[in-house]
Amino acid sequence: LLKMEISFQQIILPNNCIVNKNVFSTYDPEIEYSEEKSLAYLQEDLLQLEFKNLNLVIDLGWYGESRGNLGAFKIYVIKDFDWENPIKIETSKSQKEITLKLEQILSEIPN
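What this report covers is the structure whose coordinates are included nearby. (Residues numbered from 1 in each chain as written. Predicted model: local features only at pLDDT ≥ 70, side-chain atom pairs only at ≥ 80, totals over all residues. Heavy atoms only, no water.)

A look at the pattern of salt bridges
Inspection of every chain in the model, using the stated rule, returns 6 salt bridges. Here Lys37 and Glu32 are joined by a salt bridge, their closest N and O atoms 3.5 Å apart. A relative accessible area of 22% places Lys37 in the partly exposed class. Glu32 gets classed as partly exposed once you look at its relative accessible area, which sits at 30%. Between Glu97 and Lys101 there is a salt bridge; the shortest N-O distance is 3.7 Å. Here Glu97 pairs with Lys101, and both are found in helix H3 (residues 95-107), just 4 residues apart, close to one helical turn. Lys101 gets classed as partly exposed once you look at its relative accessible area, which sits at 21%. (Salt bridge = Lys/Arg side-chain N within 4 Å of Asp/Glu carboxyl O. Buried < 20%, exposed > 50% of the residue type's maximum accessible area, 1.4 Å probe, protein only. Helix = DSSP H or I, 4+ residues; strand = E, 2+ residues; numbered from the N terminus.)

A short note on the sheet that holds strand S2 (residues 47-51)
Pairing in this open sheet of 5 strands is antiparallel, and the strands run S1-S2-S3-S4-S5 from one edge to the other. At either margin of the open sheet sits one strand with a lone partner, and together these are strand S1 (18-22) and strand S5 (88-92). Neighbouring strand axes in the sheet, compared pairwise and without regard to direction, differ in orientation by 15° on average. In terms of strand pairing, S2 meets strand S3 (residues 56-64) through 5 bridges, oriented antiparallel. By the bridge assignment for S3, Leu47 is matched with Leu60. The strands touched by H3 are S2, S3, strand S4 (71-79) and S5; relative to S5, the strand with the most contacts, the crossing angle is about 160°. (Pairing = 2+ DSSP bridges. Axes fitted to C-alpha atoms, helices over the stretch in contact; angles between N-to-C directions. Contact = heavy atoms within 4.5 Å.)

This is how it looks when you write it as structure tokens:
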């Protein structure tokens, strides 16, 4: 059995934020790729934050193949539950870069 020392990514959340899901880890496939870690820590549903007062959802996931490291993290910013037309999409293969993009998005949300 593979013993993995991976922790969850710390994120400073606005007061008006509801966490629907958070399994977003510090694992960065760009610099420490392994198939086992990717299969264990990467999925489409990593983090979902909701701002009911703004009708806003921020959704973070890994899209693409875990095998062969073919994929990327994506953040979707959804307004009024219109999943077909996100108001913003950010993409990165790097866990560190996508975390910075997430923090930037969160910093722009009014309380």
